[in-house]
Amino acid sequence: MKNYKTLLDDLIPRKFDRRGTVWTTFLVVVMVIGIIAYIDQVIKGQVVTNMRDYALWGIYISNFVFFVATSFVGSVTVAILRLTNNSWRTPLVRIAEIISLACIVMAGLTIMIDMGRPDRLLNLFIHARLQSPITWDVIIVPTYIALSFLLLYFPLLPDLSILKKHFREKSPFLSKCYGILALNWTGSKFQKALQEKSIKIIALMIIPVGITLQSIDAWLFSTTYRIGWDSTNMGAYFISGAFVAGVGALVSVVYVVRKVRGLENYITEFHFDKLGKFLVLACLTYLYFNINEYLIPEFTAPKEESIHLNALVSGEYSGLFWFAQIVGLILPLIILLFRKGRKPLPMFIVGLMVVVGSWWKRYIIVTPTLLHPFLPIEGVPESWHHYFPSMHEWLITAATLAMAMFIITVLVRYLPIVPIQKTAEEKGLLETNKDIEL
Amino acid sequence: MANDNKNSRRKFLDKGIKFGLITALGGIGLSKIPSKLDAKPKNLSGDKMELMTTDGTLIQVDSSEVIEVAHSEDHDKKYNVREGIPNRKFVMVIDLAKCKNALKCVSACNKHHYITGENAWLKVHKMQESKDTAPYWMPRTCMHCDQPACVAVCPVDATFKRRDGLVLIDNERCIGCRFCMAACPYSIRVFNWSEPNQGEIKMTMDHDGHSSPDYAGLPSVKGTPDKCDFCPHTIKNGELPHCVTACPNGVFYFGDKYEDTVTNGDETLRFSKLLVDKAGYRLMEGLGTEPSVYYLPPVNRLVDFKDGLENYKKFESVETPE
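Residue positions are given per chain, counted from 1 along the sequence in the order it is written. Here every chain gets a letter starting at A, and every ligand a number starting at 1, in the order they are written. Where local features are concerned, this predicted model is filtered to residues with pLDDT of at least 70; where side-chain atom pairs are given and counted, the filter is 80 or more; whole-chain, interface and lining totals use all residues.

A.B. asks: Just checking my understanding: could you explain the overall build of chain B for this structure?
C.D. replies: Counting from the N terminus, the helices are DSSP H or I runs at least four residues long and the strands are E runs at least two residues long. Scanning chain B for helices and strands turns up eight helices and 13 strands. Residues are called buried when their C-beta atom has 20 or more other C-beta atoms within 10 Å, exposed when it has 12 or fewer, and partly exposed otherwise; all C-beta atoms are positioned from the backbone. Within chain B, buried positions represent 38% of all 322 residues. By the criterion used throughout, residues are in contact when their C-beta atoms, derived from the backbone, lie within 7 Å. Pairs at least 24 residues apart make up 60% of the contacts formed inside chain B by residues separated by at least 6 positions.

A.B. asks: Could you clarify how one ought to interpret the overall build of chain A in this entry?
C.D. replies: When helices and strands are counted, chain A shows 19 helices and zero strands. Its C-alpha atoms give chain A a radius of gyration of 23 Å, near enough to 22 Å, the size a compact globule of 438 residues would have. Its C-alpha atoms give chain A principal-axis dimensions of roughly 75 × 50 × 45 Å. The proportion of buried residues among the 438 residues of chain A is 47%. Note on method: radius of gyration uses C-alpha positions; expected globular size equals 2.2 Å times residues raised to 0.38.

A.B. asks: In this structure, what is going on with the interface of chain B and chain A? I would like to understand it.
C.D. replies: Interfaces are often sized by the amount of accessible area the parts lose when they come together. Across the boundary between the two partners, chain B contributes 41 residues, which contact 37 residues of chain A. Of all the elements in the fold, those that place two or more residues in the side of chain B that touches chain A are strand 4 (123-127), helix 3 (149-153), helix 4 (179-183) and strand 8 (190-191) of chain B. Ranked by residue count, the leading element in the side of chain B that touches chain A is helix 4 of chain B, at four residues. Residue classes follow a fixed rule: Ala, Val, Leu, Ile, Met, Phe, Trp, Tyr, Cys and Pro count as nonpolar, while Asp, Glu, Lys and Arg count as charged, and any other residue, Gly among them, counts as polar. Of the residues contributing to the side of chain B that touches chain A, the split by class is 22 nonpolar, eight polar and eleven charged.

A.B. asks: Is there a simple way to explain the environment of Leu309(B) in this structure?
C.D. replies: Residue placement: Leu309(B) occurs in the segment after strand 13 (293-296). Here the alpha-carbon distance between Leu309(B) and Lys100(B), two residues 209 residues apart in the chain, equals 8.7 Å.

A.B. asks: Please clarify how the sheet that holds strand 11 (residues 261-263) of chain B should be interpreted in this entry.
C.D. replies: Sheet strands pair by backbone hydrogen bonding; their relative direction is either parallel or antiparallel. Residues and elements named next belong to chain B. The strand order 12-11-10-3-13 describes an open sheet built from five strands, whose pairing is mixed. Unpaired on one side and paired on the other, strand 12 (268-270) and strand 13 mark the two borders of the sheet. For this sheet, the mean inter-axis angle between neighbouring strands, taken without regard to orientation, is 25 degrees. Note that strand 11 and strand 12 share three bridges and pair antiparallel. Any two strands between which DSSP finds at least two bridges are classified as paired. A fitted line through C-alpha atoms serves as each axis, taken over the contacting stretch for helices, and the angle formed by two N-to-C directions is quoted from 0 to 180°.

A.B. asks: Would you mind showing me how to read helix 15 (residues 318-337) of chain A here?
C.D. replies: Residue and element names in this part refer to chain A. Expected span, for any helix, means 1.5 Å times one less than how many residues it has. Over its 20 residues, helix 15 extends 27 Å from the first C-alpha to the last, a length consistent with the 28 Å expected when each residue adds 1.5 Å. Working definition for bend: take the seven residues up to and ending at a residue and the seven starting at it, fit an axis to each, and measure the angle between the axes. Where helix 15 bends most, the angle comes to about 35 degrees, and this point is Ile-326. Listed as buried for helix 15 are Phe-321, Ala-324, Gln-325, Gly-328, Leu-329, Pro-332, Leu-333 and Leu-336. Each element contacted by the buried residues of helix 15 is listed here: helix 12 (269-295), helix 14 (303-313) and helix 16 (344-370).

A.B. asks: Just checking my understanding: could you explain the packing of helix 8 (residues 157-170) of chain A against helix 9 (residues 172-181) of chain A for this structure?
C.D. replies: Each packed pair of helices is defined by two parameters, the angle between the axes and the distance between the axes. Residues and elements named next belong to chain A. Axis separation between helix 8 and helix 9 bottoms out at 8 Å; the angle between their running directions is 160 degrees. In terms of orientation, helix 8 and helix 9 fall into the roughly antiparallel class. Here helix 8 and helix 9 pass one another in a crossing that is left-handed. Two secondary-structure elements touch here, helix 8 through Leu-160, Leu-163, Lys-164, Phe-167 and Arg-168 and helix 9 through Leu-174, Ser-175, Tyr-178, Gly-179 and Leu-181. Residue classes in the contact of helix 8 with helix 9 are distributed as six nonpolar, two polar and two charged. Should an angle fall under 35 degrees it is taken as roughly parallel, and over 145 as roughly antiparallel, whereas 65 to 115 is taken as roughly perpendicular and any remaining angle as oblique. Rotating anticlockwise by less than a right angle from the far helix to the near helix defines a left-handed crossing, while the corresponding clockwise rotation defines a right-handed one.

Here it is as structure tokens:
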């Protein structure tokens, strides 16, 4: 009885303390500034960005790719670990589901920021043409949003019903909200069977859909004739990159949530150790595809391609390229190979390195290729020969990142971040406390 | 009990769907019957009309049977901007041996398309394959590919391929994703990053009924791309594109592949013979984009490459108004 109570006290959503309020206010401010910048962009046109006819895509696109990649964490950690019966996932899955949902929703929004004519958004449906990879994206992103939502929502039902009971006296309004969301969950055998089955189906579906999403994202690039994009390696390269970015984001968020909510008893060093090994696997896979993408072509690269590769390895983009490769991939790989590297704090730092490295990696994939066309760049102002994001682009991009973190923060605030019912069940607390649960 | 209920519901649904399908099919069938019945001559007027068939025999037909052929109605006059001019396949030949970077083509193009941006649709590249080979000037229009990469990736069919070979843009439909620009291996597309400010020109065009899409992408629209359009507004009237007429050196030949003739205004040549005689080629043939623009190699040049250097501007293709 007492045990279950402590568990409930530990895991029930709590009001923000001062840090939480300051953090949320900060995010809101960044978002508001970004929205103002975006309105300005809509009025003046994309001339406020530093994108021009050659660097025709910029950080809006690379940021979109980053969001899509990070959203992959829902498929890999939740679905794959569930289907392979890895029970250590329990305290981590909800955070993964939340990150996944927040990122894919933001991916959908970010891609619209890049549109020259956002007012004609509906044309994508009215005049849709199936052979365009953008149409594939229009189909797959909402599908993934729906599946990610359900994968977060269905396992939540028992917890929502617990929250409804818990807040009955303390906050009738919250209790009512949880009640509505709980869909009359009673925990009956029939409901449980139905829930179990639904989750299984979604978990099965989200893996192919997630892989398709990442592939389509890669095909956006590889269906063009551009040097550096026109590569058969792209699909697998993006999937493995998404694996890295997603797990990296998961590690970082898990560490912060654990620290802020004091969940040391639930998310233990054991879990970090496991996550660390998972991330090593991701990094090794990604390393393999990086070798395929950048090292092997050096041998037979035609002239245009070797100009491109040299600009990455030793030219204009070498700083960013090696930053992304070393900080975002090689160093994490080395650190995580050691047991000490898989302790919570080092893991957190590695997670951040991976996330930042992943973000810049997407920049490196998008920008240099566009500035290495087949025909010479001539007859345009000198500034068009280079690209670095403008203030508008930074503000808007910062706002999209803030919005993703805002969604995560709000969900962490109102949802039990570690599944209550499942944890109780696993710890064997539930059988003796049936009356409380029902 | 619950199970039973479920089963019967499933049965009901299953039957319902089948029944619905049969009804729908039946309905379609029934609706066809009256039109079939209608096809039989109801009441002949008795008036006979003499007509000549295409092979020259005279026949008599009841006058009530005579109907005007629907498509004969201004078949040639009616110009559908998405279909293009019937039975034509426009091609261009650019003779690199003659080009000396006079840039008259560029300024004529800029003027007639009211280009207000900083990137011209038509540019002349300074080319040199390797340091031991001769440099040359290469005018570059849109290739109007027969397998256009830009059209393949457009999500809304805003850029399209016409039967007469032109690749054009419907800038009233375009969503501004710039995928076409990314897809084009020749980097020929330019984007209206801000309001094009074509000013009075836009008003005259609206006045003349030229406004897009009937004028094939003109005037320019903010947030959409533009590109070399092979001047459909001039070829529609049987005139040559502006770059062809503006070139003082006769570099550009324009014509119809089906007629097998191209002309630069001064001389008219057999298209296929020209390509064979002068070893014509297309840019990046290996990509399989099948361009409609052919190049003749820069051989036996009468002009010195260096003469063109006077006009060469690395960072400017559209003259900024004073």
